Amino acid sequence: MYEDMLLAAGLGPVAGVDEAGRGACAGPLVAAAVILSEDPAKQIHGLDDSKNLSEAQRLALFPLIMENAIAVSQVIVEARECDTMGIQEANIHALRQAVLELEVSPGFVITDGYSVSGLPMPSVGMWKGDKVSPCVSAASIIAKVTRDRIMDGLDSMYPLYYFSQHKGYATSVHQKVLDAYGPCPQHRLSYRNVARTTTVEES
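Bear in mind that the values here come from a model prediction, so they are computed numbers and not experimental data.

Here is what the cut-offs are and how they apply
Residues numbered from 1 in each chain as written. Predicted model: local features only at pLDDT ≥ 70, side-chain atom pairs only at ≥ 80, totals over all residues. Heavy atoms only, no water. Phe/Tyr/Trp six-rings, centres within 6.5 Å; stacked < 30°, edge-to-face > 60°. Buried < 20%, exposed > 50% of the residue type's maximum accessible area, 1.4 Å probe, protein only. Lys NZ or Arg CZ within 6 Å of the ring centre and 35° of its normal. Helix = DSSP H or I, 4+ residues; strand = E, 2+ residues; numbered from the N terminus. Expected span 1.5 Å × (residues − 1). Contact = heavy atoms within 4.5 Å.

Visitor: Could you give an account of the packing of aromatic side chains, naming the residues involved and the relevant values?
Guide: Taken as a whole and judged by the stated rule, the model has 1 aromatic pair. Ring centres 5.7 Å apart and planes at 15° place the aromatic pair Tyr-161 and Phe-163 in the stacked group. Exposure remark for Tyr-161: the relative accessible area of 1% places this residue in the buried category. Residue class for Phe-163 comes out buried when judged on its relative accessible area of 0%. The positively charged end of Arg-149 is found above the aromatic ring belonging to Phe-62, 4.7 Å away from the centroid.

This is the structure:
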């Protein structure tokens, strides 16, 4: 309904923006921006916060979003960049850049939770936006699936850490191997649970 009001007020197209991996201690931060089509024939059913969907549901929705949306963009901030910038600044940077890289310039932007400064169009940070705004839900799914695929790829490069299992989040299994072997180049050294380990596995 919020998007409908923005469109009725002439503020479209409306872009939704969200990220995945902010709370992980390893792997990149991924932000995505999505402008959904107003064409009823291109409506996508079943959109929700990616965390409320099963992996199978996310994988089914991903190509539907990519095929039917007006515009989709993704921005990846690597682990070392997250350390250098700080996770909050890295998060805002990624969300902002995702909007700026859309092939179609939105008239209004809805971000999940955080407001994003430096955008050339009006925007709002909406609490639980990925639950109530379809375009933010779509962005949530794109970011999550993209990041999960990256973590699956990193699993083959760093098999000691079981990245496919926990996707870089600080689960008990992840922490156990992190304590045993130390961080790899994909870990965020600025995170406390990583910083307390000392041995760096370079390969």
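Visitor: Can you tell me about helix α4 (residues 87-100), naming the residues and giving the values?
Guide: Taking 1.5 Å of rise per residue, the 14 residues of α4 would be expected to cover 20 Å, and the 20 Å separating its terminal C-alpha atoms lies within 8% of that figure. When we look at burial in α4, the residues that qualify are Ala-90, Asn-91, Ile-92, Ala-94, Leu-95, Arg-96, Ala-98 and Val-99. Next to the buried residues of α4 lie β1 (14-20), β2 (29-35), β3 (71-77), α3 (79-85) and β4 (108-112).

Nothing here speaks to function; it is all geometry.
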